[in-house]
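# Overview (structure and organization)
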2 protein chains.
Amino acid sequence: MKLEYIYCEFAKEQDSHFIWSLRNDSYARKMSKNKGYINLKTHNIWFKQKINDKKYNFVIIFYKGEKVGYARFDVSIQDQVTYVSINILDKYRNKGIGTDGLSKAIELIIQNRRDICKKFIAEVREENTVSKKLFDSLGFRLKKSMNSIDRYELLYSERNKLPSLLVDIKEGIIDLGWGHPSAHLHPTEFIKEGTNQLFDRNDHIPLQYGAAQGFGPFLNSLAVFLSSQSSYYSQISPNNLFLTAGASQGIDLSCTLFTKSGDTVIVEEPTYFVVEKIFRDHGLQIVGVPIDENGIKVSELKKILTKGLRPKFIYTIPTYQNPTGICMSVERRNQLIELSEEFDFLILADEVYQLIYFNNLPPPPFMSLNHHGRVISFGSFSKILAPGLRTGWIHSSSDKISKFSDSAVTFSGGGFNHFAATLIREVIDLGLLEKNIDIIRNEYIRRCDVMNVALSKYFGDSISYSIPSGGYYYWLDFKSGFNTEIFLPHAEKAGVSYRPGKIFSESGKFENFLRLAYTLYEPDQLEEGVSRLYTAYRNFGKS
Amino acid sequence: MKLEYIYCEFAKEQDSHFIWSLRNDSYARKMSKNKGYINLKTHNIWFKQKINDKKYNFVIIFYKGEKVGYARFDVSIQDQVTYVSINILDKYRNKGIGTDGLSKAIELIIQNRRDICKKFIAEVREENTVSKKLFDSLGFRLKKSMNSIDRYELLYSERNKLPSLLVDIKEGIIDLGWGHPSAHLHPTEFIKEGTNQLFDRNDHIPLQYGAAQGFGPFLNSLAVFLSSQSSYYSQISPNNLFLTAGASQGIDLSCTLFTKSGDTVIVEEPTYFVVEKIFRDHGLQIVGVPIDENGIKVSELKKILTKGLRPKFIYTIPTYQNPTGICMSVERRNQLIELSEEFDFLILADEVYQLIYFNNLPPPPFMSLNHHGRVISFGSFSKILAPGLRTGWIHSSSDKISKFSDSAVTFSGGGFNHFAATLIREVIDLGLLEKNIDIIRNEYIRRCDVMNVALSKYFGDSISYSIPSGGYYYWLDFKSGFNTEIFLPHAEKAGVSYRPGKIFSESGKFENFLRLAYTLYEPDQLEEGVSRLYTAYRNFGKS
């Protein structure tokens, strides 16, 4: 289907008359070097010659199906530049159509005239403020003024483009730092199927304000789905679920509702660095408590509580922890709940990896234990379906669920991501969520294994780590004395990147650790990434 | 397409063997009154007879296409009740399948056997904890225990169902209180077109983590669109836009990033009550400043600032204010910006009605004025496309946009509502957003007019109000001494509702005002609603 709004096409011979009329537009004449009227016959001859010459390119700009202007690209082989100009019908000026039109015309040229000079030059008269603003907003930069002509230059690669996606990887680098799911695994077909089923219902429900707690049928389907999953261990009622716009949004909302600036919260050390920043954005004081292979050291926590610290909550990633991959033992989980009762704090359990287990089941989630109403658990479709949907859930006791549902931001907008929730409900009911989890779980098992084989092949005993039993990450211990922050630029020079251990720590520890994710890249790239990491490591040791 | 997950069908004769095997299941036998083995021949005769008798209804429950159990509904004409039982294959028990299956079986029965008794009774043996839990979670309530049989009762209308939508209107009431767009006007077809175009691209972009500032092509299309709208008055660069999950989410995020608990903020009096509650959820102190027909009284604001009050920001709805419908004059807007410079505070401008103007353009939005980088403006697709999409934008200076983009909750999840943004971008590019705004604008003009005619026909001079020139609301002044809070139950008895003036006030003013919305209902219902309001009013005067 063709875009009805603004689009571009290369000019054809029959566009001659349209271009002629624009060339004779009074403003165009005024702004041109040659100010005289152009005869149609002369123009037709000139135009026919130009469009058959590769050095000249005319692009027609359409707005809502109508021709509203054209852009012209003249290649100067000698100067190795492309001269750009644009001409828009009077009544369409100053509406941003020229800017968008020229932007699209440049794309068209770049994609279809591969050998064009990608240094674009626009020569504009000083008094032509309209065009100057236009080129400026497209990222053209003023280079020199001469004879009242302003000269704007733009290198194509410098174009001021807004990014589409969050992931931002330097060219040539295998960035094992991003804890993102593999784009190739995104279930576009499943989402299409769900969308079809949703639209087959032919009602307006997906477009209205959703219920504050979340779209009821979605909560029902999610409850049935989670209850059927072995790694959830128990029956889940939809009354205990609340729709979120992802785990981070749920954590952010919890900060708003359960803390005030200056309050103290506990985190594991190390922990997911971005969540720490969410706490800081809320003005919270953060205290870290160390973890070992069984999760947070509850005895250490008890010590600081006994000394008088009164946190509002503890934030934990109990299963396949980020960054360490560790699972908190059931015993520690129960001890933590006991402490939360004794010292009156909440447990924010970030359990987004609960379904990403490999060969064995993870320990039971906090809500399946005897939780005394102290637990707020966060789940997310980012890890099991698609992050772009920005949808997750909170599982908690009904008094907490009411607090979330009654919050003003929830009530004002209705349930978070209602539309996505109506869609995901179909995906669940079609059995496609389960199918998708099977696919990604198997793929991650494979990738995790590939990374392990590569790590042990290259690094041998020079580093130590545990093989993850689920989740996204390897947490590598480069012997004490090694500094992964200092090492980072050397690794990037060798074409690989990672997250240094220090960023996961409140107190600047773990400088000899680094985190690798095996989810984003294909197996052969993982192997290559580890190989490059080793090359950098070996050379780093020598330098 | 058939649901692959859990669905129900009425049993057919060929299901006899399946039901027989389940009747003889050891657990079923143990929990039944009749504990003996059932002969297949006897069963077949019995079953054939039952399914041809309208008083007996067997429903097969499917899970992923397989028969996993059945529910039985026996109608007792004498007792006017329906006895319910359920039987699930052993390996599917305790997974929530029974709960969901029975829930769907009840729906099937209700929809197809219209004359069935809607009082459902389940008789369960005391020791049958599985079934007891199941009936409990479906909203059945224990009535009496006798002979070790627990008797659960459920009236169909009492079913503990989670709501789908936010709007919650008592039966028989025309609720003119909800400031929601009309469901009938939701552009489902446009959304389908956009979705098709999105899926035609056949890439994974909509499912990945979106850029923190928002999906680039969406920001570009939005900038072009807004720049082309007369009511926006100026060119808008995508660099000054930030994708939100609706205006409320943007306001909530602004509180997180620009205030801390205990800070003071200014609101108009009256103002949108839910936003006040967002501020309270952030622990902010709220000070109200009165408005007149030209918007907030800047002179009053200046007085309290001069006395020493130091607010972090002022929250204003400058155009078609909620609830009054008033537009702040350009002069006041400029004065407000000057004050914000002098006393160092931000202006949070909730400009979600900027495109819902009727016959004349509204005043220019704050960002088109000389705003000194003091303005954060909120826009929303809830008012111009569909609230269920939960998508909006912030328009602000680039330092503020960076602050939003760099916030931890944004970075952790990527751009807010990325998937919806990729979809809305298509809707914009197809020209369908513009089309939709034309449709709703014309319809609201009509509805606003109908309400005006009805108000003046029924109430004449007994109330006073201004006719809105855009937006959603009438703000009716019932003479001083009248209390719209006390009047509310009387109005609801007459079958109409509204929002009393007092809820829009920090200091409990406006008790003689009320707010009506003309967006949710069709014209004839608006007329009927106003007529009912008048009936209640006339009788209220007399009682």
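For clarity, every value in this text was computed on a predicted model and none was experimentally measured.

Before going further, it helps to spend a moment on the overall build of chain A. Within chain A one finds 17 helices and 21 strands. Taken along the three principal axes of its C-alpha coordinates, chain A extends 90 × 65 × 45 Å. Buried residues in chain A amount to 62% of all 543 residues. Residue pairs in contact within chain A that sit at least 24 positions apart in sequence constitute 72% of those at least 6 positions apart. Only carbon and sulfur atoms are counted for the fraction: they give 48% of the accessible area of chain A, which is about 21400 Å².

A full pass over the atoms with the stated rule returns 88 aromatic pairs over all chains. Ring geometry for Phe135(A) versus Phe140(A): centroids 5.0 Å apart, planes at 70 degrees, classification edge-to-face. By way of ring pairs, the aromatic residues Tyr458(A), Phe459(A), Phe478(A), Phe482(A), Phe487(A), Tyr498(A), Tyr534(A), Tyr537(A) and Phe540(A) are connected into one cluster. The aromatic ring of Tyr56(B) is capped on one face by Lys50(B), whose charged end is 4.0 Å from the ring centroid. The aromatic ring of Phe10(B) is capped on one face by Arg113(B), whose charged end is 4.1 Å from the ring centroid.

Residues and elements named next belong to chain A. Ordered in space as E17-E18-E21-E20, the four strands form an open sheet in which the pairing is antiparallel. Single-partner strands in this sheet number two, and they are strand E17 (463-464) and strand E20 (499-500). Pairing analysis gives two bridges linking E17 to strand E18 (residues 473-478), with the strands arranged antiparallel. Bridge pairing in E18 links Ile-463 to Phe-478.

What follows is about the pattern of salt bridges. Throughout the structure, instances matching the rule amount to 60 salt bridges over all chains. Linking Arg151(B) and Glu153(B) is a salt bridge whose minimum nitrogen-to-oxygen distance equals 3.6 Å. By relative accessible area, Glu153(B) is classed as buried at 15%. Bridged by salt links that share partners, the residues Lys119(A), Glu123(A), Arg151(A) and Glu153(A) form one connected network.

Moving on to the relation of the copies chain B and chain A. Once turned by 180 degrees and shifted 0.0 Å along the axis, chain B lies on chain A with an RMSD of 0.1 Å. Taken together, the rotation and translation relating the two chain copies correspond to the operation of a two-fold axis. When C-alpha positions in chain B are compared against the rotation axis, the closest is assigned to Ser261(B), at 2.7 Å. Taken as a fraction of all interface residues of chain B, those also at the interface in chain A reach 100%, which identifies the copy contact as same-surface.

In this section: helix H14 (residues 418-429) of chain A. Given 3.6 residues per turn, any residue in an α-helix points the same way as the ones three and four places further on. Its 12 residues give H14(A) an end-to-end C-alpha distance of 17 Å, which sits within 8% of 16 Å, the value for a rise of 1.5 Å per residue. The element H14(A) is largely enclosed, with a buried count of 12 among its 12 residues. Turning to H14(A), its buried residues number three or more, namely His418(A), Phe419(A), Ala420(A), Ala421(A), Thr422(A), Leu423(A), Ile424(A), Arg425(A), Glu426(A), Val427(A), Ile428(A) and Asp429(A). On its buried side, H14(A) packs onto helix H6 (188-200), helix H7 (216-227), strand E9 (241-244) and helix H15 (432-459) of chain A together with helix H6 (188-200) and helix H14 (418-429) of chain B.

A word on the domain arrangement of chain A. Residue and element names in this part refer to chain A. In terms of domain boundaries, chain A breaks down into domain 1 (6-158), domain 2 (174-179 + 436-542) and domain 3 (188-430). Put simply, the middle of domain 2 and the middle of domain 3, counted by C-alpha atoms, are 27 Å apart. Taken together, the 27 residues of domain 2 in the interface contact 26 residues of domain 3. Roughly 2400 Å² is buried in total at the junction of domain 2 and domain 3, and carbon and sulfur atoms are behind 60% of that figure. The three residues of domain 2 that bury the most area against domain 3 are Arg-441, Phe-504 and Glu-506, which together make up 26% of that side's buried surface. In this assembly, domain 2 and domain 3 are joined by one salt bridge. The salt bridge involving Lys-509 is made with Glu-269; its shortest N-O contact spans 3.2 Å. Counting every contact that joins domain 2 to domain 3 gives 12 residue pairs in polar contact (both at pLDDT 80 or more).

Residues and elements named next belong to chain B. Counting buried residues along strand E4 (residues 81-88), six of its eight residues qualify, which places the element largely inside the surrounding structure. With eight bridges connecting them, strand E3 (residues 66-76) and E4 associate as antiparallel partners. Following the sheet pairing, Val-75 is matched in E4 by Thr-82. From the end of E3 to the start of E4, which pair antiparallel, there are four residues, and Gln-80 there has a positive phi angle of about 55 degrees.

Counting 290 residues, the largest nonpolar core has Leu102(A), Phe279(A), Leu102(B) and Phe279(B) as the members making the most contacts within it. Leaving out residues up to four positions away in the same chain, Leu102(A) has contacts with Ile61(A), Ala71(A), Phe73(A), Val84(A), Ile86(A), Leu134(A), Phe135(A) and Leu138(A).

The next subject is the side chain of Asn512(A). All names here are of chain A. You can see Asn-512 is positioned in the loop between E20 and strand E21 (513-517). Separated by 2.9 Å, the side chains of Asn-512 and Asp-477 make a polar contact. When near neighbours in sequence (up to four residues on either side) are disregarded, Asn-512 contacts Leu-476, Asp-477, Phe-478, Lys-479, Ser-480, Phe-482 and Thr-484.

Before going further, it helps to examine the packing of helix H4 (residues 97-112) of chain B against helix H5 (residues 129-137) of chain B. Residues and elements named next belong to chain B. Running from N to C, H4 and H5 cross one another at 50 degrees; their axes reach a closest spacing of 9 Å. Between H4 and H5, the angle falls in the class oblique. For the element pair H4 and H5, the recorded crossing hand is right-handed. Note on element contacts: H5 touches H4 through Leu-134, Phe-135 and Ser-137, opposite Gly-98, Thr-99 and Leu-102. Class assignment for the residues of the contact of H4 with H5 results in three nonpolar, three polar and no charged.

Residues and elements named next belong to chain A. If you walk across this open sheet you meet the seven strands as E1-E2-E3-E4-E5-E7-E6, and the pairing is mixed. Only two strands of the sheet have a single neighbouring strand rather than two, namely strand E1 (6-10) and strand E6 (141-146). Each strand of the sheet is rotated relative to its neighbour by a mean of 30 degrees, with strand direction disregarded.

Time to look at the interface of chain B and chain A. In this complex, chain B contributes 97 residues to the contact, which on the side of chain A involves 97 residues. Considering only the surface of chain B that becomes buried against chain A, Tyr5(B), Leu207(B) and Tyr209(B) emerge as the three largest contributors, covering 10% of it. The set of elements that each furnish at least two residues to the side of chain B that touches chain A consists of H6, helix H7 (216-227), helix H8 (247-258), helix H9 (273-281), helix H13 (408-413) and H14 of chain B. When the residues that make up the side of chain B that touches chain A are grouped by side-chain class, the tally is 42 nonpolar, 37 polar and 18 charged.

Here Gln249(B) lies in helix H8. Its relative accessible area of 11% is what places Gln249(B) among the buried residues. A polar side-chain atom of Gln249(B) sits 2.8 Å from the main-chain amide nitrogen of Ala245(B). Apart from the residues within four sequence positions on either side, Gln249(B) is in contact with Val409(A), Thr244(B) and Phe416(B).

Definitions and cut-offs
- Residues numbered from 1 in each chain as written.
- Chains lettered and ligands numbered in written order.
- Predicted model: local features only at pLDDT ≥ 70, side-chain atom pairs only at ≥ 80, totals over all residues.
- Heavy atoms only, no water.
- Helix = DSSP H or I, 4+ residues; strand = E, 2+ residues; numbered from the N terminus.
- Buried < 20%, exposed > 50% of the residue type's maximum accessible area, 1.4 Å probe, protein only.
- Contact = heavy atoms within 4.5 Å.
- Areas by Shrake-Rupley, 256 points an atom, 1.4 Å probe, with all protein chains shown as cover.
- Phe/Tyr/Trp six-rings, centres within 6.5 Å; stacked < 30°, edge-to-face > 60°.
- Lys NZ or Arg CZ within 6 Å of the ring centre and 35° of its normal.
- Pairing = 2+ DSSP bridges.
- Salt bridge = Lys/Arg side-chain N within 4 Å of Asp/Glu carboxyl O.
- Least-squares fit on C-alpha atoms with pLDDT ≥ 70 in both.
- Expected span 1.5 Å × (residues − 1).
- Domains from an automatic or database assignment.
- Buried area = accessible area lost by both parts, 1.4 Å probe.
- Polar contact = N/O pair within 3.5 Å; in protein donor to acceptor, adjacent residues only side chain to side chain.
- Core = buried A, V, L, I, M, F, W, Y, C linked by side-chain atoms within 4.5 Å.
- Axes fitted to C-alpha atoms, helices over the stretch in contact; angles between N-to-C directions.
- Parallel < 35°, antiparallel > 145°, perpendicular 65-115°, else oblique.
- Left-handed = near helix turned anticlockwise from the far one by under 90°.
- Nonpolar A, V, L, I, M, F, W, Y, C, P; charged D, E, K, R; others polar.

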